[in-house]
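Chain residues, written in single-letter form:
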Amino acid sequence: MELLCGRELPFWPNLTLHSDRPDLPECFQLSVLPWAPCIYLWVTSPFYILYLRRNSRGYIMMSVLNRIKTALGLILWIVCWTDLFSSFHEMNQDHIIPPIYFVTPLIVGMTMLLATFLIQFERLRGVQSSGVLFIFWTISVLCAIVPFRSKILHAKQENEVRDKLRFTTFYMYFGLILTELILSCFNEKPPLFSRAGTDPNVCPETTAGFLSKMTFWWFTSMAIKGYKSPLENKDLWSLNQQDSSALVVPSLLNQWEVEKAKALSEQSVKDQAAFTKADGGAETNHVGPEEAQVLLTPRKESRQPSFLRALLRAFGPYFLIGSAYKLLQDLITFVNPQLLRMLIDFTKNTHAPLWWGYALAFLMFGTSLLQTLILHQHFQYCFVTGMRLRSAIIGAIYRKSLVITNAAKRSSTVGEVVNLMSVDAQRFMDLTTFLNMLWSAPLQIILALFFLWQNLGPSVLAGVAVMVLLIPFNAFIAMKTRTYQVEQMKHKDDRIKLMNEILNGIKVLKLYAWETSFKEKILAIRQKELNVLKKTAYLSALSTMAWTSAPFLVALTTFAVYVTVDEENVLDAEKAFVSLSLFNILRFPLNMLPQVISSIVQASVSLKRIQDFLSHDELDPENVDRRNNASEYAVTVVNGKFAWAKQDQVTLDNINVLVPQGSLLAVVGHVGCGKTSLVSALLGEMVKLEGQISIRGSVAYVPQQAWIQNASLRDNILFGRPYEEQKYRCVLEACALTPDLEVLPGGDQTEIGEKGINLSGGQRQRVSLARALYSEADVFLLDDPLSAVDAHVAKHIFDKVIGPDGALKGKTRVLVTHGISFLPQVDNILVLVDGGVSEAGSYQELLQQNGAFAEFLRNYSLDDIIEDQEELTLSLVDEEEDFPDDALSNHTDMVDNEPVVNEARRKFMRQISVMSNDPENPKKMSRRRRCSERKHPEPPLEKEEKKENKLIQAETTETGRVKLKVYWEYMKAVGPLLSLFICFLYGCQSAAAIGANFWLSEWTNDAQLNRTQARVEMRVGVYAALGLSQGVLVMFSSFTLALGKIQGSRKLHQALLDNKFHTPQSFFDTTPIGRIINRFSKDIYVIDEVLPSTVLMFLGTFFASVSTMIVIICSTPIFALVIGPLALIYFFVQVC
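Residues numbered from 1 in each chain as written. Predicted model: local features only at pLDDT ≥ 70, side-chain atom pairs only at ≥ 80, totals over all residues. Heavy atoms only, no water.

### Section: the overall build of the protein
Next, step 1: A tally of regular secondary structure across the protein gives 39 helices and nine strands.
Next, step 2: For the protein, the proportion of its 1136 residues judged to be buried stands at 45%.
Next, step 3: In the protein, 80% of the contacts between residues at least 6 apart in sequence involve partners at least 24 apart.
Next, step 4: Accessible surface, the protein: about 59,300 Å² in total, of which carbon and sulfur atoms supply 62%. (Helix = DSSP H or I, 4+ residues; strand = E, 2+ residues; numbered from the N terminus. Buried < 20%, exposed > 50% of the residue type's maximum accessible area, 1.4 Å probe, protein only. Contact = heavy atoms within 4.5 Å. Areas by Shrake-Rupley, 256 points an atom, 1.4 Å probe, with all protein chains shown as cover.)

### Section: the sheet that holds strand β6 (residues 779-783)
Next, step 1: Taken in spatial order, the six strands of this open sheet run β5-β6-β7-β3-β8-β9, and their pairing is mixed. Looking at which strands have only one partner, the edges of the open sheet turn out to be β5 (699-702) and β9 (836-841). Each neighbouring strand pair of the sheet contributes to a mean axis angle of 15 degrees, computed without reference to strand direction.
Next, step 2: In the packing of helix α22 (residues 675-683) onto the sheet, the strands contacted are β3 (664-668), β5, β6, β7 (812-816) and β8 (828-833), and the crossing angle to β6 comes to about 150 degrees.
Next, step 3: Across the sheet, helix α26 (residues 761-775) touches β5 and β6, and the angle it forms with β5 is around 175 degrees. (Pairing = 2+ DSSP bridges. Axes fitted to C-alpha atoms, helices over the stretch in contact; angles between N-to-C directions.)

### Here we look at α26
Counting along an α-helix, one turn takes 3.6 residues, and residues three or four places apart therefore face a common direction.
Next, step 1: With 15 residues, α26 should reach 21 Å at 1.5 Å per residue; the first-to-last C-alpha distance of 22 Å fits that figure.
Next, step 2: The buried fraction of α26 is high, at 14 of 15 residues.
Next, step 3: With its phi angle positive at about 55 degrees, Glu776 sits one or two positions after the end of α26. (Expected span 1.5 Å × (residues − 1).)

### So, the packing of helix α17 (residues 437-456) against helix α18 (residues 460-504)
Next, step 1: Taken N-terminus to C-terminus, the directions of α17 and α18 make an angle of 155 degrees; their axes are 9 Å apart at the nearest point. With respect to α18, the axis of α17 lies roughly antiparallel. Together, Ile445, Leu449, Leu452 and Trp453 of α17 and Val460, Leu461, Val464 and Met467 of α18 make up the contact between the two elements.
Next, step 2: Residues belonging to the contact of α17 with α18 are distributed by class as follows: eight nonpolar, no polar and no charged. (Parallel < 35°, antiparallel > 145°, perpendicular 65-115°, else oblique. Nonpolar A, V, L, I, M, F, W, Y, C, P; charged D, E, K, R; others polar.)

### Thoughts on a nonpolar patch on the surface
Next, step 1: A cluster of nonpolar side chains, namely Tyr227, Ile1118, Leu1121, Val1122, Leu1126, Ile1129, Phe1132 and Val1133, defines an oily patch on the protein surface of about 850 Å² accessible area.
Next, step 2: Here the nonpolar patch gets six residues from one element, more than from any other, and that element is helix α39 (residues 1120-1134).
Next, step 3: Residue placement: Phe1132 occurs in helix α39. (Patch = residues over 30% accessible without salt bridge, like charges linked within 9 Å, V, L, I, M, F, W, Y side chains within 5 Å. Salt bridge = Lys/Arg side-chain N within 4 Å of Asp/Glu carboxyl O.)

### Some words on the sheet that holds strand β1 (residues 633-643)
Next, step 1: Spatially, three strands are ordered β2-β1-β4 in an open sheet, and the strand pairing comes out antiparallel. The open sheet has two edge strands with one neighbour each: β2 (652-660) and β4 (687-695). Neighbour to neighbour, the strand axes of the sheet diverge by 5 degrees on average, direction disregarded.
Next, step 2: Of the strand pairs in this sheet, β1 and β4 are connected by seven bridges, and their pairing is antiparallel. The partner of Val635 across the bridge, within β4, is Ile695.
Next, step 3: Where α22 meets the sheet, it contacts β1, β2 and β4, and its direction lies at approximately 70 degrees from that of β2.

### Brief notes about the pattern of salt bridges
Next, step 1: Taken as a whole and judged by the stated rule, the model has 30 salt bridges.
Next, step 2: For Arg410, the salt bridge identified is with Asp648, shortest N-O distance 2.4 Å. Placement of the pair is Arg410 in helix α15 (residues 406-411) and Asp648 in the loop between β1 and β2, with a sequence separation of 238 residues.
Next, step 3: We classify Arg410 as partly exposed; its relative accessible area is 49%.
Next, step 4: When its relative accessible area of 24% is taken as the criterion, Asp648 is described as partly exposed.
Next, step 5: Salt-bridge contacts for Arg526 lead to Asp1088; the nearest nitrogen and oxygen are separated by 2.9 Å. Here Arg526, found in helix α20 (residues 515-565), pairs with Asp1088, found in helix α38 (residues 1073-1115); they are 562 residues apart in sequence, far enough to count as distant.
Next, step 6: Given the relative accessible area of 0%, Asp1088 is considered buried.
Next, step 7: Overlapping salt bridges, with partners in common, bring together Lys492, Arg495, Arg526, Glu529 and Asp1088 in one network.

### Description of the packing of helix α4 (residues 100-124) against helix α6 (residues 164-183)
Next, step 1: The geometry of α4 relative to α6 is characterised by a closest axis approach of 14 Å and an angle of 25 degrees between their N-to-C directions. The orientation of α4 relative to α6 falls into the category roughly parallel. Between α4 and α6 lies a crossing of left-handed hand. Two secondary-structure elements touch here, α4 through Tyr101, Val108, Met112 and Ile119 and α6 through Arg166, Tyr173, Ile177 and Glu180.
Next, step 2: Considered class by class, the residues forming the contact of α4 with α6 number six nonpolar, no polar and two charged. (Left-handed = near helix turned anticlockwise from the far one by under 90°.)

### Overview of the pairing of β5
Next, step 1: Burial of β5 is one-sided: the residues Ala700 and Val702 facing one way are buried, the residues Val699 and Tyr701 facing the other way are not.
Next, step 2: Both β5 and β6 contribute to a ladder of four bridges, which runs parallel. Opposite Ala700, over in β6, you have Phe780 as the bridge partner.

### Re the side chain of Glu529
Next, step 1: Tracing the backbone through its elements, the reader meets Glu529 in helix α20.
Next, step 2: A relative accessible area of 0% means that Glu529 is categorised as buried.
Next, step 3: The residues touching Glu529, leaving out its near neighbours within four places in the chain, are Gln488, His491, Lys492, Arg495 and Asp1088.

### Observations regarding the confidence of the model for the protein
Next, step 1: With 85% of its residues at a pLDDT of at least 70, the protein reaches an overall mean of 81.
Next, step 2: Across residues 282-287 the pLDDT falls below 50, and counting only partners more than four positions away or on other chains, this stretch makes four contacts in the model.
Next, step 3: Confidence drops under pLDDT 50 across residues 289-300; counting only partners more than four residues distant or on other chains, this segment forms 11 contacts. (pLDDT = per-residue confidence, 0-100.)

### Details of the environment of Ser129
Next, step 1: For Ser129, the location among the structural elements is in the loop between α4 and α5 (131-158).
Next, step 2: The class for Ser129 is buried, based on a relative accessible area of 16%.
Next, step 3: Not counting chain neighbours up to four residues away, the residues in contact with Ser129 comprise Ser184, Asn187, Gly209 and Phe210.
Next, step 4: Among the polar contacts made by the side chain of Ser129, one reaches the main-chain amide nitrogen of Phe210 at a distance of 2.9 Å. (Polar contact = N/O pair within 3.5 Å; in protein donor to acceptor, adjacent residues only side chain to side chain.)

### Considerations on the packing of aromatic side chains
Next, step 1: On inspection of all chains with the given rule, the structure shows 34 aromatic pairs.
Next, step 2: A centroid spacing of 5.0 Å and a plane angle of 70 degrees characterise the contact between Phe148 and Tyr171, whose relative ring orientation is edge-to-face. Note that Phe148 is positioned in helix α5 and Tyr171 in helix α6, a separation of 23 residues in sequence.
Next, step 3: Assessed through its relative accessible area of 29%, Phe148 is described here as partly exposed.
Next, step 4: Summarising the aromatic geometry, the rings of Tyr512 and Trp514 are spaced 4.8 Å apart at their centres and angled 20 degrees between planes, so their arrangement reads as stacked.
Next, step 5: Take Tyr512: its relative accessible area is 54%, and that puts it in the exposed class.
Next, step 6: The exposure class of Trp514 is partly exposed, given its relative accessible area of 40%.
Next, step 7: Counting every residue linked through ring pairs, the aromatic cluster contains Phe148, Phe167, Phe170, Tyr171, Tyr173 and Phe174.
Next, step 8: Positioned above the aromatic ring of Tyr318, the side-chain terminus of Arg388 is 4.3 Å from the ring centre. (Phe/Tyr/Trp six-rings, centres within 6.5 Å; stacked < 30°, edge-to-face > 60°. Lys NZ or Arg CZ within 6 Å of the ring centre and 35° of its normal.)

### Brief notes about the nonpolar core
Next, step 1: Counting residues in each nonpolar core, the largest one holds 50 residues, and the members touching the most others are Ile717, Val801, Ile802, Ile829 and Phe853.
Next, step 2: For Ile802, the contacting residues outside a window of four places in its chain are Leu664, Leu782, Pro785, Leu786, Ile797, Arg813 and Leu815. (Core = buried A, V, L, I, M, F, W, Y, C linked by side-chain atoms within 4.5 Å.)

### Observations concerning the side chain of Ser422
Next, step 1: One can find Ser422 in helix α16 (residues 414-434).
Next, step 2: Among the polar contacts listed, one links the side chain of Ser422 to the backbone oxygen of Val418, at a separation of 2.8 Å.

This is the structure in C-alpha cells:
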C-alpha cells in the first residue's frame, strides 16, 4: 500500500485504537473503505445480469423515482471524476500526488456508472426493488461514515479545511449515496400487464421491496387483521402464481418423465449390448464361454427411475437459495463467541477505553440481529419449498391414480393412495424445514471443535471421541427405525383401506348391525400399528437421551482432560464460558442431527412408496386411435383382443365392430357376456392384446352407475361448460328432468350430496345422461342408461334422446341395453356371447338368420306381463286424478333409497309407477299434454323464492386461540397423573442443568482465587454427577412421554371410531367420505407422531427458558424487573 499512498499516508497500524478518540489511518480510509462496496458490486454484477437476462418479469415504465435514481447515479459519477480531474490538475502544477488519489476516484466513478446501468436494466426486466443495489448503497454508506467523522475531527482540530475541493466533493458524495439508499427502500410500479395490476387481492409479497421482504413487513397488514378478528379463508390473499399447483405439479411431472425416459434409454442400451454380444457368438454357430455367460446370466432388474432426482431438479435451485442463507447464518453464529472472548478480556483490562465495551455490545447485538434476519429468510425458503413439494407430490399421485392399469389398482389399494397423499407427502414437507441440517450440523460441529481446539488445545479430542462413539449407536437406531417405519405404514394402509370399505358400505353395515365386528377388525389392525409405534418411540427416546447428553458429555470429558492432563492448565472464566458458548452452539446440531436422520429415514420410506406407485404401468393412450381420419365409420374395432390385465385371461376375443357415422348400435347379451367390458375397451380402460381400435371425434360416456358430484344439479349437468339457457332447457326436457325440478327444494340449484345421496337411482342416471347430452360430443357410449328408470321414462328418454328422432339424431351412439322393445328402432345390433361377437346386423337381418338372437326373442315374450300391467292400470286409473300432476314423476326408484318413507307409501308409489307405464291411457296422455303445455312457456328451473338449503356443509375449523378444553382433553387421553409426572421429570432435568451451570461457575471462581489443583477431583466428580443425572432424567422423561403418547393415541382413535360407528346414517349422507377418511389418516398421524414431538419441543423450550431466567436473576437480580414487561410483550405477540 506504500506504493499507492506514499510514506506520508500510513496504512496501518492504527495508533488511536487505545485512545478515547479512535480513528482509522488516512490511507485505509482512501483505499479499503471506498473499494469494499465497489468490489462487492463488480463481483455480483455478472451473476446478477445473467439472472436478469434469464428471468424477465415484464417492463416497467420510466417513473419519477427511476429518473431521480438515474440522475443521482450520473451526478455521483461526475462528483467522483471531479476528484480525478482535480488530481490531474494538481499533477500538472508539479504537485506530488499519491497514486491513491487517481485510483480510488476512477474505481468509484466506474462503479457508479455500473450502478446506474443496473438501475435501468432492472427497470427493463421488471424488477421493482433491487436487493443487490440496496446492499451496495448500505455498504457504501457504512464505509463512508468513518471518513465523514474523521474529516470533521481533523477540521475541528486544525481549525481549517486543508483540501476544500475534496472535502466538498466527499460530503456531496455522502449525501448522494445516502439519498440513493433511502430511495432504494421504495418500490417501482408493477410491470405492465402483470398480475399485480389485474388481481384485486394480490399477495403483497409479489410487490414488496427488498427491505420489506427481509423484515417480512409485507405481512404486517395480515397480522393486524388477525389480531382484530379471527382470520378466515376470504381474508387470505391470492396464492402466488409460482406457488400454485398449476405450475408446480407440471414442473415435477416433466422432470419425472425425463427420469423415466433416461431409465428406459439406459435399459435399452444394456439390452442392445447384451443382444449384440450374444449375436456375435451365434454367427459362427458356436457359443463361447463369454457368450454363454451372457446368455445364462439371469437378467438384472431394470433401473428404476429416481423420484428423488426429479424432486431435486424441480425444486432444488429454489431450495439452494435457502441453503445459501443457512450457510451465511452458520458462519455468523461463531462470531458471537469471539466477541464474548473480547468482552471478557475487556472486563479484565482496566485500562481499556470505554468505547471498546460499547462497540463490542453493539457488534454482538448487530450480529444477533443479522443472524435472525438471515435465519428467517432461510426458513421462508424452506417452508415455501416444502409447500411446493407437498402440492406437487399430491398432484402427481392424484394424476397417476387416474391412469394406472387395473393390475396396478389391485396392488395399490385406496388406503395406500390416501396415505400417500396425506401422510407420505406431509413427511416431505416436514423434512424440508430442517433438511439443511444434514450438512449444516457437521459444519457447525467442525467449526465449534476448531474454535474449542484454539481455546482448550488437544483436550477437545476427548469430546470428539465421545461424538464418534455415539455415531454407530445412532446408526443402529436409524436402521431399526426404518424397518419399523415400513411395517407401520403397511398397517396404516390396511387400516385406511378397511375404513374406506366400511364408510362406503356404512348403510348395509348399520342395517345388519355389524358395527361391533368391524370395529374389532379396525382395532386389531390399530393395535399392531401401535405396537410398532411403541417400538419406534422407545428407539426415539434412546436417541434423544444420547444426543441431549452429548454436549454435556463432550464438555465434561473436555474439561476433565484439560485440567488433569497438565497442572498448568487452569479453567478460568474466559476458557470456561467461551467454551460453554461453543458447546451451546454444538448442542443444537447435536440435538437436531438425530431428528433429521430419523426424518430422512421416514422420508426415504415414503420416497420408496411414492416412487413405486408412480412407476406403476399406465393405460396406453395409444390403445385407441383418436385421429380424425377420413372414414365412414366413427367407431372401428378390428380383430380386437382385450383383457383387464396382461397376466389375466382374455375377456374379449375376436371383436370386430364397425359403427357408421351417425348410426345407433345396440349391444345386447346375457349378464356377464362382456357388454360393459366392450365399452371399457372403447374407452381405453382395458389392455389391448391384439387388434386395432379407432374412434373419430370426442367421446361422451354414460356409465351403468351414474357418477354424481357434490355440487348443484345444474353444475352436475354443465360439468364446467358455459351455461346456455335454451340448450340447457332442451336437455332437461329431453332427459325428463323438468318435472323433478318441481320436487327439488331449490330447483336446479339444489345441492346434490356426495354420490347423489339425495337423488333416486333413476334421477342420478338421467342427470348423467343430461351431462353427456349437454357436452355435444361426437360419439356417445351409453352403458345401459335405461335400466335404472321406469318403463315410461325409458321410452321417453329413448324417443327424445337416443332414438332415431331424438336429440342425438346424427350422432354416433353405442347403446348397451336389456330393453328388447327398443331394438327394432336401432340401426344395428351386436350380440355378445361369452366375450365374443356372436351375431351382428339389423333387427330384421338377425331375425332372418334365425340364430341365437332370434331364439332369444322367441323364448322371451313380454305379452303376458304387458297384459297384467294393462289390467292393473285400468283398475287404478280413476285414482290417478286425485294426485298432483308432478306426483307421477316421482317414480318408484326415487323413494327406494329413502329410509324415512314407510312401507305402505312405498307400495302405493309402486302402484302409481306401474299405472304410469301404459302409453295408451288417454287420461295419462291428456295429463302429459297439460303438463307439457303448462311447462313449455317458462320452465321452473330455479326457485328463487325458496330458501336454499345446503346439504353438504363446509368443513369448519376452530379460529382464534386454542381453548384450554382441548389441552385438557389431550391430557385426559394421556392421563392427568402421567402428564404431571412428565412435566415433573422435565423440571428435574432443567434443575440438573441449572446445577451443572452453577457448579461450573463456582469451579471457575476457585481457579480465579486459588490456581491450585487441590479440588479438581471433587469439582469434576460433582459436575459429572449433575450431568449424568440430567441424561438419566432425559431418558426417563422420553420413555414416559412415549408411553403417554401411545396411550393418548389409542384412546383418541378409539373414541373417534366409537363415535363414527354410533353416528346416525344422516351424518354419512351429508358428510363427504374423504372428510371422514382424513380424520382417520392425516389427523391420527398428527396425534401419533407430530403432536408428541411438538409437546417434547415445547416442554424442552419452556423449562430451558425458565432455567435461563433463574440463572440470570440469581447472578443479576435487577433483571427480574425486566421479566414482567418482556413477558407481557411476548404474550401480546404470540398469543393475542
